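Each chain is listed here by its residues.
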Amino acid sequence: MRLTTVAIAVAALAGALALTLRHAGADPSGEDIVPVSNDRASAIAMTCANCHGTDGRLESTGIPSIAGKPEIVLRSQLLAFQRDEYPGATVMPRLVKGYTEEELAAVARYFAALKPTPEEPSQQP
Amino acid sequence: MKKFSLSRREALKRMGAVGVGAFLAAGGLPVYGNRSHGGQRVAVIGGGFGGATAAKYLKRLSPGLDVVLVEPQKRYYTCPFTNLYLGGMREFETLGHDYRELSRLGVRIVSQTAVDVDAEGRRLRLADGDSLSWDRLILSPGIDFRWGELEGYGREAADKAPHAWKPGPQSRLLRRQLLEMPDGGTFVLVAPDNPFRCPPGPYERVSMVAHYFKTHKPRSKVLLLDAKDNFSKQGLFLEGWKENYGDMIEWVGRSNDGRVVRVNADKLEVETEFGEIHRANVLNVVPPQKAGFIADRAGVTDESGWVPVQPRTFESKQVPGIYVIGDATQAAPMPKSGFVANTQAKVTARAILADLAGEEPPEPTWTNTCYSVIAPDWGITVAGVYEVHDGELREVPGSGGVSPMGAAADFRKREAAYAEAWYAAIAQDTWGSR
């Protein structure tokens, strides 16, 4: 593992922790939270597929596969991109700034819920 | 509009489609919004980034839907990365993708050219005379050239001065000419005015030609004669050219008499607006463009030659029931890129499924990332996120933009590596290529 990768992983974990704490103390009424439907999350997620593969699954191309990654990691990474706190990032900060924090959180949840490898095609009766 | 009679074969196929659709929808596959579109047919014309993606996602979102992809080529070669082929960084075959994976997903592939569209009768006619009915039609026709609009540049001229703006024999011809060119020769690229396919394309192309010259023919020159004064990622290209190729690439914008008005393909000469003659050893002319011809046949183009669309769905403004995606559309500020065509396809697939179910289209979102490779270790990008605001397409404020100027070598190197990774990923997302 390269040093920058370690640094990014540490930053992501720190971000995840901060996020957990922030949410633990968030206003329980959740008034400032705009609900994001799963439909909206999947619409945004489809734009991720152009680089991260259909359903966020890729076979070793140098761009990370994101299906089935822990939600907290995905969310903190997306928010770190949005806040320009992700060392060495290239296009991701420019892309995630097109979405709200709530949308990014919903996208993180969406990919976390997918299996990292595709399921066998369902058997036709 | 012409009407076609329903052939017997077609009538039988249609009857069959109802049964198959209902059967699939009853299976265990996820059905979009718990709705079944069994028996309804969406035909897609064009198997590039837009059309192949649309067919794939329609089928994934609604397995019961009858999805037919009409594309004459059994193997589709992409425009993106043909410049890397020209620069010697890739083999031509690595740009080819087939439709086996789409077929496995249940998309019906019709390897024919669609020659006409009857919007009223909701049918399309194939080159072999057969016809096909549809409930909704997606056109992803790409571009055609306005032959002869640039004086001296007709179809025959392209045999001597290739455009190589559609991949295939033209790309191979240009590569061969570069290989045969003596060291010390001049490559001239003629770039068109906006709008045209792949806005950063001419600038990546001269970069890749310069890369080939630098490694094999270092005394050669690259001259880019441009009908514009500004171009995509301009600062980044100029910086990258200087850093990688010194003075090898000369760009001449419109106000410095860069606009070519006449081409002599036999002599490999071009004449600019104010009468200067430039002689090339290899001449590459990117001609003015318009929507692919089937868009004209379908009646969806306007006087500009491109296709106006409803921003939210990309349904034609002129012909209801026909949706148009990709390079053929007027979708500014989105560029005419493969990436954009892919995201347009997904939005339009969802809009059509909503429409078939009698529902409002979902809120759309589109993205773009265009990688350009200036040298093997030097990549740059422009990215954008788009939305509908007050009934118009726009870039989401605060999003998007280009790579930073003056970035460290490591940053450029990673964007070059990501460019290759992106190509593999979008080929997988579009055609299922591995």
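Residues numbered from 1 in each chain as written. Chains lettered and ligands numbered in written order. Predicted model: local features only at pLDDT ≥ 70, side-chain atom pairs only at ≥ 80, totals over all residues. Heavy atoms only, no water.

Visitor: Could you give an account of the pairing of strand β1 (residues 41-45) of chain B, naming the residues involved and the relevant values?
Guide: All names here are of chain B. Where burial is concerned, most of β1 is hidden: five out of the five residues are buried. Taking every second residue as pointing to the same face, both faces of β1 are buried, with Arg-41, Ala-43 and Ile-45 on one and Val-42 and Val-44 on the other. The pairing of β1 with strand β2 (residues 66-70) spans five bridges and is parallel. Pairing of Ile-45 across the sheet is with Val-70, part of β2. (Buried < 20%, exposed > 50% of the residue type's maximum accessible area, 1.4 Å probe, protein only. Helix = DSSP H or I, 4+ residues; strand = E, 2+ residues; numbered from the N terminus. Pairing = 2+ DSSP bridges.)

Visitor: Go over the packing of aromatic side chains, please, and point to the residues and values.
Guide: All names here are of chain B. Applying the stated rule across the entire model yields 20 aromatic pairs over all chains. Ring pairing ties together the aromatic residues Tyr-203, Phe-231, Phe-237, Trp-241 and Trp-251, which thus form one cluster. Above the plane of the ring of Tyr-212 lies Arg-175, whose end atom (NZ or CZ) is 5.2 Å from the centre. (Phe/Tyr/Trp six-rings, centres within 6.5 Å; stacked < 30°, edge-to-face > 60°. Lys NZ or Arg CZ within 6 Å of the ring centre and 35° of its normal.)

Visitor: Give a detailed account of the pairing of strand β11 (residues 186-191) of chain B, specifying residues and quantitative values.
Guide: All names here are of chain B. Along β11, five of the six residues are buried, which leaves the element largely enclosed by surrounding structure. Direction of pairing for β11 relative to strand β12 (residues 221-226): parallel, over a ladder of six bridges. Looking at β12, one finds that Thr-186 is bridged to Lys-221. Chirality of the crossover, the property in question, places the unit of β11, helix α6 (residues 201-216) and β12 among those that are right-handed. With four bridges connecting them, β11 and strand β17 (residues 282-285) associate as parallel partners. From the neighbouring strand, Val-188 faces β17, where its bridge partner is Leu-283. (Right-handed = clockwise from strand over helix to strand, strands pointing away.)

Visitor: Explain the domain arrangement of chain B to me, and be specific about the residues and the numbers.
Guide: Often, the extent of an interface is quoted as the loss of accessible area upon association of its parts. All names here are of chain B. Along its sequence, chain B is organised into domain 1 (6-145 + 289-431) and domain 2 (157-285). The interface of domain 1 with domain 2 comprises 39 residues on the first partner and 33 residues on the second. Of the roughly 3200 Å² buried at the junction of domain 1 and domain 2 (both faces included), carbon and sulfur atoms supply 63%. Of all residues in domain 1, Asn-83, Leu-86 and Ile-374 give up the largest surface area on contact with domain 2, accounting jointly for 21% of the area buried on that side. (Domains from an automatic or database assignment. Contact = heavy atoms within 4.5 Å. Buried area = accessible area lost by both parts, 1.4 Å probe.)

Visitor: Let's hear about the interface of chain A and chain B: which residues, and what values?
Guide: At the interface, 33 residues of chain A touch 49 residues of chain B. Ranking the residues of chain A by area buried against chain B places Met46(A), Asn50(A) and Arg94(A) at the top, with a combined share of 24%. Linking chain A with chain B are five salt bridges, by the criterion used here. A salt bridge links Glu59(A) to Arg434(B), with the shortest nitrogen-to-oxygen separation between them at 3.3 Å. The interface formed by chain A and chain B contains 19 residue pairs in polar contact (both at pLDDT 80 or more). At eleven residues, helix α2 (residues 38-52) of chain A tops the list of elements feeding residues into the side of chain A that touches chain B. Residue classes in the side of chain A that touches chain B are distributed as 13 nonpolar, 13 polar and seven charged. (Salt bridge = Lys/Arg side-chain N within 4 Å of Asp/Glu carboxyl O. Polar contact = N/O pair within 3.5 Å; in protein donor to acceptor, adjacent residues only side chain to side chain. Nonpolar A, V, L, I, M, F, W, Y, C, P; charged D, E, K, R; others polar.)

Visitor: Quick one: what's the story with the confidence of the model for chain B, residue by residue and with numbers?
Guide: Residue and element names in this part refer to chain B. Summarising the model, chain B shows a mean pLDDT of 93, and 92% of its residues fall at 70 or more. Low confidence marks residues 5-34, where pLDDT is under 50. Its contacts with residues over four positions away, or in another chain, come to 50 contacts. In the model output, the complex is listed with pTM 0.89 alongside ipTM 0.90. (pLDDT = per-residue confidence, 0-100.)

Visitor: I'd like a rundown of helix α5 (residues 101-112) of chain A, residues and numbers included.
Guide: Residue and element names in this part refer to chain A. Between its first and last C-alpha atoms α5 spans 16 Å; for twelve residues at 1.5 Å apiece the expected length is 16 Å, and the two agree. Buried within α5 we find Glu-103, Leu-104, Ala-105, Ala-106, Val-107, Ala-108, Tyr-110 and Phe-111. Tucked into the core, α5 has its buried residues touching α2, α3 (71-82) and α4 (92-96). (Expected span 1.5 Å × (residues − 1).)

Visitor: I'd like to hear about the sheet that holds strand β5 (residues 108-110) of chain B, residue by residue, with values.
Guide: Either a parallel or an antiparallel arrangement is found when strands of a sheet pair, and the pairing is made through backbone hydrogen bonds. All names here are of chain B. Read across the open sheet, the five strands follow the order β5-β2-β1-β9-β19; overall the sheet is parallel. The two strands at the open ends of the sheet, each matched to only one other strand, are β5 and β19 (322-324). Shown here is a sheet whose adjacent strand axes are inclined to one another by a mean of 20 degrees, direction ignored. In the sheet, β1 pairs with strand β9 (residues 136-139) via four bridges, with the strands oriented parallel. Across the sheet, Ile-45 pairs through a bridge with Leu-139, a residue of β9. (Axes fitted to C-alpha atoms, helices over the stretch in contact; angles between N-to-C directions.)

Visitor: Can you tell me about the pattern of salt bridges, naming the residues and giving the values?
Guide: Per the counting criterion, the structure on display carries 34 salt bridges over all chains. With its nearest N and O atoms 2.8 Å apart, the salt bridge here joins Arg90(B) to Glu420(B). Separated by 330 residues along the polypeptide, Arg90(B) in the loop between α3 (82-86) and β4 (96-98) and Glu420(B) in helix α10 (residues 409-431) bring together distant segments of the chain. The class for Arg90(B) is buried, based on a relative accessible area of 17%. A relative accessible area of 32% means that Glu420(B) is categorised as partly exposed. Each of the salt bridges in this network shares a partner with another, and the network as a whole consists of Arg40(A), Glu103(A) and Glu363(B).

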